[in-house]
Amino acid sequence: MKSDGSGGLPFVGIERVVAAPLFGESPPGGWSSEIRPNDSIHTLIAVHTDAGIVGFGSVFAEGELVRAAVRHLERFYLGENALEPQRVSEKLHQNSFWFGRGGTLTHTISGIDIALWDVLGKVTGLPLCLLLGGRHREKVMPYCSLLMDEPVKMAEEIAYYRDKGFKAFKIGWGPFGRVDDPKLDEAIVAAAAGQLPTGGRLFVDAGASDAYWPNGLKWAMRTADMLADHDVGWFEEPLIPDALEDFVTLRKSARIPISGGEVMTRRQSFLPFLVQGAFDIVQPDVTKVGGISEQMRIARAAQDFGVRYVGHGWNTALGLAADLQIAAALPNVDLVEYIVGSAYLDELTAEPYTLDADGMLDIPTAPGLGITPDPRQIERFSPEAAALFLTEAAS
Ligand SMILES: [Mg+2]
């Protein structure tokens, strides 16, 4: 490892950033314009360094957009010190305001930021939670994230994953709120609630960031009431994402916690929602919002406002690994999102995630993100897989 030549501190230069879109088995999202298996929605990122160390990250965005963003950002990250994730990511944010602030450029910076933290962990030999401030827990509960379906199928799905050991569930999107049938909405929720394990938890996601969401505040208020009667733990995205005033009103009247924020990017976007009291639970997504650096700032700000943080993680194995380290590093995090039935979560690593008997996931202790992506597995979903791993010897 070289020194930076000024203060004699370690310096690991960024040589290149590689983007590898995943496709072939992209899971449905419940969107009205549904994702097809060959659409790329997740793109893996590798940061290659002159020390021969590679850090990995994940971006929620279409591959061509991410590639273009990586090219655009190159002049700002090339030759930078990979051991300074917050400084380098902030440089990328500050220098990209004019070309897509809060858009795909920000999503892409998320993947680069996660990968830089991974490099820092690998160089120091520490799991990220220690670098982020501490290790509050060894395990965290993953909640099983499922799309809604008609009641009989919904009950079967919950029962299937309950029998695989999950204790907490979120159901969302699909027909909920979209076919203008409150009886169907309630029947789906009741069917799911009826299959929970003893002490199990259920959350409901309206998915109002879907295109042309048809409902407003009055629907959200009525529906929140129905969900409270079924002991639902939170009501997610019950309103279109920008409806700040309506979120404030809904949160005041609802008997259950109101959550949201998954499509918002940049810490600055979350401030008005926190200041005005729009959410009981804030749900930034580490693969969109600006990475671990930004996610930690939002989660800590939420904590100071008395708002719970549960990261949104409709994710890959690498995105979940980041969520796990963040969950360890913060004092009051009891859940991570776990999308079931996605090859990109279950099949990118040689060692898949496994639940223990209490339905908990271990938080990795190995350096960095603490998981090892497997080139042969990733090859199944991306022709660029090999480029993620190729690296030149340390100079
Ligand atoms: Mg959601």
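Observations concerning helix 11 (residues 292-304)
Moving on, step 1. The terminal C-alpha atoms of helix 11, which comprises 13 residues, lie 18 Å apart, in line with the 18 Å expected from a rise of 1.5 Å per residue.
Moving on, step 2. Of the surrounding secondary structure, the elements contacted by the buried residues of helix 11 are helix 2 (85-94), helix 4 (104-124), helix 10 (267-275), strand 11 (281-282), strand 12 (308-309) and helix 12 (317-329).
Moving on, step 3. Backbone geometry just after helix 11 places glycine 306 at a positive phi near 75°.

Focus: helix 12
Moving on, step 1. Here helix 12 is 13 residues long and its end C-alpha atoms lie 19 Å apart, about the 18 Å a rise of 1.5 Å per residue gives.
Moving on, step 2. Most of helix 12 sits out of view: 13 of its 13 residues are buried.

A few points about the domain arrangement of the protein
Moving on, step 1. You can read the domains of the protein as domain 1 (2-125 + 373-389) and domain 2 (130-362).
Moving on, step 2. Across the side of domain 1 that touches domain 2, the residue classes tally to 16 nonpolar, 17 polar and three charged.

Things to note about the packing of helix 1 (residues 63-77) against helix 4
Moving on, step 1. In the contact formed by helix 1 and helix 4, the axes pass within 9 Å of each other and the chain directions differ by 70°. Classified by the angle between their axes, helix 1 and helix 4 sit roughly perpendicular to one another. Seen from helix 1, the contacting residues are Leu65, Val66, Ala69, Val70, His72, Leu73 and Tyr77; seen from helix 4, they are Thr104, Leu105, Thr108 and Ile112.
Moving on, step 2. When the residues that make up the contact of helix 1 with helix 4 are grouped by side-chain class, the tally is eight nonpolar, three polar and no charged.

Thoughts on unusual backbone geometry
Among all residues except glycine, the phi angle is most often negative; among peptide bonds, the trans geometry is most common.
Moving on, step 1. Positive phi is not limited to glycine here, since tryptophan 173 has a value of about 60°.
Moving on, step 2. Phi at glutamate 237 takes a positive value of approximately 40°, unusual for a residue other than glycine.
Moving on, step 3. For glutamate 237, the location among the structural elements is in the loop between strand 9 (235-236) and helix 9 (244-253).
Moving on, step 4. Using a count of 26 C-beta atoms within 10 Å as the deciding quantity, one classes glutamate 237 as buried.

Quick look at the pairing of strand 7 (residues 168-172)
Moving on, step 1. For strand 7, the buried fraction is high: five of the five residues fall into the buried class.
Moving on, step 2. Side chains Ala168, Lys170 and Gly172 project from strand 7 onto one buried face, and the interleaved Phe169 and Ile171 project onto a second face that is buried too.
Moving on, step 3. Sheet topology places strand 6 (residues 139-147) next to strand 7; five bridges connect them, and they run parallel. Across the sheet, tyrosine 143 pairs through a bridge with alanine 168, a residue of strand 7.

Observations regarding the nonpolar core
Moving on, step 1. Formed by 122 residues in total, the largest nonpolar core has its most connected members in Ile45, Val47, Phe169, Ala192 and Ile326.
Moving on, step 2. Take this core: its biggest share by element is ten residues, from helix 12.
Moving on, step 3. Residue contributions to this core reach at least three from each of two domains, namely domain 1 (2-125 + 373-389) and domain 2 (130-362).

A closer look at the environment of isoleucine 339
Moving on, step 1. Residue position: isoleucine 339 is located in strand 13 (residues 335-339).
Moving on, step 2. Separated by 101 residues in the primary sequence, isoleucine 339 and proline 238 place their C-alpha atoms 20 Å from one another.
Moving on, step 3. Setting aside anything within four residues of it in sequence, one finds isoleucine 339 in contact with Pro27, Ser145, Trp314, Asn315 and Leu345.

Regarding the environment of histidine 312
Moving on, step 1. Checked against the element boundaries, histidine 312 lands in the loop between strand 12 and helix 12.
Moving on, step 2. For the pair histidine 312 and glycine 261, spaced 51 residues apart in sequence, the C-alpha separation works out to 8.3 Å.

Considering the sheet that holds strand 3 (residues 14-22)
Moving on, step 1. Strand order in the open sheet made by the three strands is 3-4-5, with antiparallel pairing throughout. The sheet is open, and its two borders are formed by strand 3 and strand 5 (54-60), each paired with just one other strand. Within the sheet, the average angular offset between the axes of one strand and its neighbour, ignoring direction, is 20°.
Moving on, step 2. Where helix 1 meets the sheet, its contacts fall on strand 3, strand 4 (42-49) and strand 5, and the angle it forms with strand 3 comes to roughly 170°.
Moving on, step 3. In the packing of helix 4 onto the sheet, contacts are made with strand 3, strand 4 and strand 5, and the angle to strand 5 comes to roughly 155°.

Quick notes on the rules
Residues numbered from 1 in each chain as written. Predicted model: local features only at pLDDT ≥ 70, side-chain atom pairs only at ≥ 80, totals over all residues. Helix = DSSP H or I, 4+ residues; strand = E, 2+ residues; numbered from the N terminus. Expected span 1.5 Å × (residues − 1). Contact = placed C-beta atoms within 7 Å. Buried ≥ 20, exposed ≤ 12 C-beta atoms within 10 Å, placed from the backbone. Domains from an automatic or database assignment. Nonpolar A, V, L, I, M, F, W, Y, C, P; charged D, E, K, R; others polar. Axes fitted to C-alpha atoms, helices over the stretch in contact; angles between N-to-C directions. Parallel < 35°, antiparallel > 145°, perpendicular 65-115°, else oblique. Pairing = 2+ DSSP bridges. Core = buried A, V, L, I, M, F, W, Y, C linked by C-beta atoms within 7 Å.

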